[in-house]
Amino acid sequence: MIEAPLAEAPPASPDAPPRPALSLTEQAAAALRRLILLNLLPPGEVLNEPDLVARLGVSRTPVREALKLLAGEGLVTLRRNRAALVARLDPADLVPLFELEVALESFCAGLAAERMTAPEIDRLDRLQAALEAAEADRDAYTRLNRQTHRLIVTAARSPAIAEAHGRAFARLERARNFALAADGRVAESLAEHRAILEALRAREPERARTLMHAHVARTQAVMVARLTEGPRR
């Protein structure tokens, strides 16, 4: 059976026409995308077609087409007359993006400490509680972590920064999840999130900015260290 995709679908309007059913290729691509983004298929993993057919419960044609789609997204490397691979993560490409994320998110955290509304702080508190409860659930933790970071950026009330951040954040999703898979990183990240929440609640811009800078920089450092040490499951 094909596994559910990673991305959360936006709620449908009651007046909106029903969404067309996904083709088998689209379903296979969504399932594989989720597995790759969550590093359940790690960088460099050989994507053996018979194994994918059995895992996804579809025939070879949708699997092959799905691999082509994901190659276009940079998630899969196609090889002539050989099995495809999960695309490797390259620090040379990712570190500049992390540096951008560090700058944007730390700046936004400082602004958010001044501009967040009480309901937004309450929502962030609920997200933190949900993150704590989802520590062992990779799917849920990834989704909640994404929502937490987006909320802080949105609360800075700077649409231009939010737009730039959205592009960088999406491109770093797999690298961020790769870092979170390191031993002890989720617990460490939770503690960092708690400290950031407290700084935001206390309306301390400089502390919020410093803590967010350290949080994202730490994720970058763990990602680079894991890649330097070699692929791990």
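Above this text is the structure in question.
No experiment lies behind these values; they were computed from the predicted model shown. (Residues numbered from 1 in each chain as written. Predicted model: local features only at pLDDT ≥ 70, side-chain atom pairs only at ≥ 80, totals over all residues. Heavy atoms only, no water.)

### Looking at helix H8 (residues 173–180)
Then, number 1: In terms of burial, H8 is a largely internal element, 8 of the 8 residues being buried.
Then, number 2: Regarding H8, the residues found buried are Glu173, Arg174, Ala175, Arg176, Asn177, Phe178, Ala179 and Leu180. (Buried < 20%, exposed > 50% of the residue type's maximum accessible area, 1.4 Å probe, protein only. Helix = DSSP H or I, 4+ residues; strand = E, 2+ residues; numbered from the N terminus.)

### Overview of the nonpolar core
Then, number 1: Formed by 37 residues in total, the largest nonpolar core has its most connected members in Met116, Leu124, Ile152, Leu200 and Met223.
Then, number 2: Where this core is concerned, the elements lending two or more residues are helix H4 (91–115), helix H5 (118–133), helix H6 (138–155), H8, helix H9 (185–201) and helix H10 (205–229).
Then, number 3: Of the residues forming this core, the biggest block, 7 residues, is contributed by H4.
Then, number 4: With residues near it in sequence (within four places) discarded, Ile152 still touches Cys108, Ala109, Ala112, Leu124, Ile196, Leu200 and Met212. (Core = buried A, V, L, I, M, F, W, Y, C linked by side-chain atoms within 4.5 Å. Contact = heavy atoms within 4.5 Å.)

### Concerning the side chain of Arg174
Then, number 1: Tracing the sequence through the fold places Arg174 in helix H8.
Then, number 2: The buried charged residue Arg174 lacks any salt bridge, with Asp93 as its nearest oppositely charged partner at 9.1 Å.
Then, number 3: In contact with Arg174, other than residues within four places in its own chain, are Ile36, Leu37, Asn39, Pro43, Gly74, Leu75, Val86, Ala87, Arg88 and Leu89. (Lys, Arg positive; Asp, Glu negative; His and termini not counted. Salt bridge = Lys/Arg side-chain N within 4 Å of Asp/Glu carboxyl O.)

### Quick look at the sheet that holds strand E2 (residues 76–79)
Then, number 1: With antiparallel pairing, 3 strands are arranged side by side in an open sheet as E1-E3-E2. With one partner strand each, in any of the chains shown, strand E1 (46–47) and E2 form the two edges of the open sheet.
Then, number 2: Sheet analysis places E2 next to strand E3 (residues 82–86), joined by 3 bridges and oriented antiparallel. The residue of E3 that forms the bridge with Val76 is Val86.
Then, number 3: Contacts from helix H3 (residues 60–72) reach E1, E2 and E3, with the element oriented near 120° to E2. (Pairing = 2+ DSSP bridges. Axes fitted to C-alpha atoms, helices over the stretch in contact; angles between N-to-C directions.)

### Here we look at unusual backbone geometry
Then, number 1: Phi at Asn39 is positive, roughly 65°, even though this residue is not glycine.
Then, number 2: Turning to its location among the elements, Asn39 is positioned in the loop between helix H1 (24–37) and E1.
Then, number 3: Of note in the backbone geometry, Arg203 takes a positive phi value of approximately 60° without being a glycine.
Then, number 4: Mapped onto the elements, Arg203 comes out in the loop between H9 and H10.
Then, number 5: Of the residues examined, Arg203 reaches a relative accessible area of 35% and is grouped as partly exposed.

### Describing the pattern of salt bridges
If charged atoms from side chains of opposite charge come close, those side chains can pair.
Then, number 1: Evaluated as defined, the whole model comprises 17 salt bridges.
Then, number 2: Among the ionic pairs, Glu192 bridges to Arg185, the shortest N-O distance being 2.9 Å.
Then, number 3: For Glu192, a relative accessible area of 17% gives the class buried.
Then, number 4: For Arg185, a relative accessible area of 2% corresponds to the buried category.
Then, number 5: One salt-bridge network, held together by shared partners, links Arg185, Glu188, Glu192 and Arg218.

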